[in-house]
Amino acid sequence: MSNIRAFALLVAVLIASAVWFHAERPVSHPPGVIAPDIPLQGDIDGAAHPLQKKNIAITPLATFSITARVLSRADYRWDTAAAISPTDLALGWGRMSDTAVLDKIDISQSVRFYNWRVREFPIPEREIIESSANMHLIPADSTVARAIDRVKQGDVVTFDGYLIEARWPDGGIWRSSLTRSDSGAGACEVVWVERFSIAPR
């Protein structure tokens, strides 16, 4: 390989690395609570209006609205739920949106679960549980899907829609949690998202 070709290849690699780094780098914030409010959940007036995504029946269980910090995101392509929910967001609000707190918590996601670990609790364990959650997002349309695709760790996002139950033709059921105080299997929110926005970075 000539020196010119080698130099051109090196430049291309550096540019690609810079683009990847910029795209993947988490959004940073100074210490302080940046999403102070708890999620809002409400009853559905009258009979729930049935929805559908592909061949999967969607039943709204409660109205839902949230502004929260993205603690982590995980994308799925091969599991059964990926047909309607390709992205999970682990979200935090209250003191779980404060960088000073989050710097002391190790957060990860895998197989549709959100996990956290601490050496010492920066805030009470119950507050961590009640001020953060893993949410399976079902975009209502392509506009919402594109907005979710742009989300980075550290973003402050606002969205609303419904907590839902999804039923597959083969009898499989995916039902949202209806409380923020649970943890473990079944504790995730399954959200039909009708509007989604990202705060300016």
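S.K.: Is there a simple way to think about the overall build of the chain in this case?
M.R.: Each helix and strand counted, the chain has four helices and ten strands in total. Start at the N end of the chain and walk to the C end: the helices and strands fall as α-β-β-β-β-α-β-β-α-β-α-β-β-β. Looking at the 201 residues of the chain, the share that counts as buried comes to 40%. Partitioning the intrachain contacts of the chain with sequence separation of at least 6 by distance along the chain shows that 72% fall at a separation of at least 24. Surface accessibility of the chain: about 11400 Å² in total, with carbon and sulfur atoms responsible for 56%.

S.K.: Is there a simple way to think about the environment of Arg-119 in this case?
M.R.: Residue placement: Arg-119 occurs in the loop between β6 (113-117) and α3 (125-130). For Arg-119, a relative accessible area of 87% puts it in the exposed group. Sequence-wise, Arg-119 and Lys-104 are 15 residues apart; in three dimensions their C-alpha atoms are separated by 7.8 Å.

S.K.: Which parts of the structure should I look at to understand unusual backbone geometry?
M.R.: Unlike most non-glycine residues, Lys-54 shows phi in positive territory, near 55°. Positionally, Lys-54 belongs in the loop between β2 (51-53) and β3 (56-75). Even without being a glycine, Arg-112 presents a positive backbone phi close to 70°. By secondary structure assignment, the location of Arg-112 is in the loop between β5 (106-110) and β6.

S.K.: Help me out: how do you make sense of the environment of Ala-68 in this one?
M.R.: Structurally, Ala-68 can be placed in strand β3. Placed 64 residues apart in sequence, Ala-68 and Ser-132 show a C-alpha to C-alpha distance of 8.8 Å. What Ala-68 contacts, discounting residues up to four positions off in sequence, is Ala-35, Leu-91, Gly-92, Trp-93, Asp-155, Val-156 and Val-157.

S.K.: Looking at this structure, how should I read the side chain of Lys-53?
M.R.: Position of Lys-53 relative to the elements: it lies in strand β2. Although Lys-53 is buried, it forms no salt bridge, and the closest oppositely charged side chain is Asp-141 at an N-O distance of 7.5 Å. Within the structure, Lys-53 has its side chain in polar contact with the backbone oxygen of Pro-139 (distance 2.5 Å). Residues contacting Lys-53, with those up to four places away along its chain left out, are Ile-58, Ile-84, Ile-138, Pro-139, Ala-140 and Trp-192.

S.K.: In this structure, what is going on with the environment of Ile-164? I would like to understand it.
M.R.: Following the sequence through the fold, Ile-164 ends up in strand β8 (residues 156-167). Along the backbone, Ile-164 and Ala-57 are 107 residues apart, and their C-alpha atoms lie at a distance of 9.9 Å. Look past the residues within four positions of Ile-164 in its chain and what remains in contact with it is Ile-58, Thr-59, Pro-60, Leu-61, Ile-138, Trp-174, Arg-175, Ser-176, Val-190 and Trp-192.

S.K.: Explanation requested: the nonpolar core in the structure shown.
M.R.: Among soluble globular proteins, nonpolar side chains are generally buried collectively. If you look at the biggest cluster of nonpolar residues, it comprises 20 residues, and the most contacted ones within it are Ile-66, Leu-91, Met-135, Leu-137, Phe-159, Val-191 and Phe-196. Elements with a contribution of two residues or more to this core: β3, β4 (87-92), β7 (132-139), α4 (142-149), β8 and β10 (189-198). With four residues, the top contributor of residues to this core is β3. When near neighbours in sequence (up to four residues on either side) are disregarded, Leu-91 contacts Ile-66, Ala-68, Arg-69, Val-70, Leu-71, Ser-131, Ser-132, Ala-133, Met-135, Val-157 and Phe-159.

S.K.: How should the side chain of Glu-189 be read in this particular structure?
M.R.: In this structure, Glu-189 sits in strand β10. A polar contact is formed between the side chain of Glu-189 and the side chain of Arg-180, at a distance of 3.0 Å. Excluding residues within four positions of it along the chain, Glu-189 makes contact with Ala-133, Asn-134, Met-135, His-136, Leu-163, Ser-176, Ser-177, Thr-179 and Arg-180.

Cut-offs and rules
- Residues numbered from 1 in each chain as written.
- Predicted model: local features only at pLDDT ≥ 70, side-chain atom pairs only at ≥ 80, totals over all residues.
- Heavy atoms only, no water.
- Helix = DSSP H or I, 4+ residues; strand = E, 2+ residues; numbered from the N terminus.
- Buried < 20%, exposed > 50% of the residue type's maximum accessible area, 1.4 Å probe, protein only.
- Contact = heavy atoms within 4.5 Å.
- Areas by Shrake-Rupley, 256 points an atom, 1.4 Å probe, with all protein chains shown as cover.
- Lys, Arg positive; Asp, Glu negative; His and termini not counted.
- Salt bridge = Lys/Arg side-chain N within 4 Å of Asp/Glu carboxyl O.
- Polar contact = N/O pair within 3.5 Å; in protein donor to acceptor, adjacent residues only side chain to side chain.
- Core = buried A, V, L, I, M, F, W, Y, C linked by side-chain atoms within 4.5 Å.

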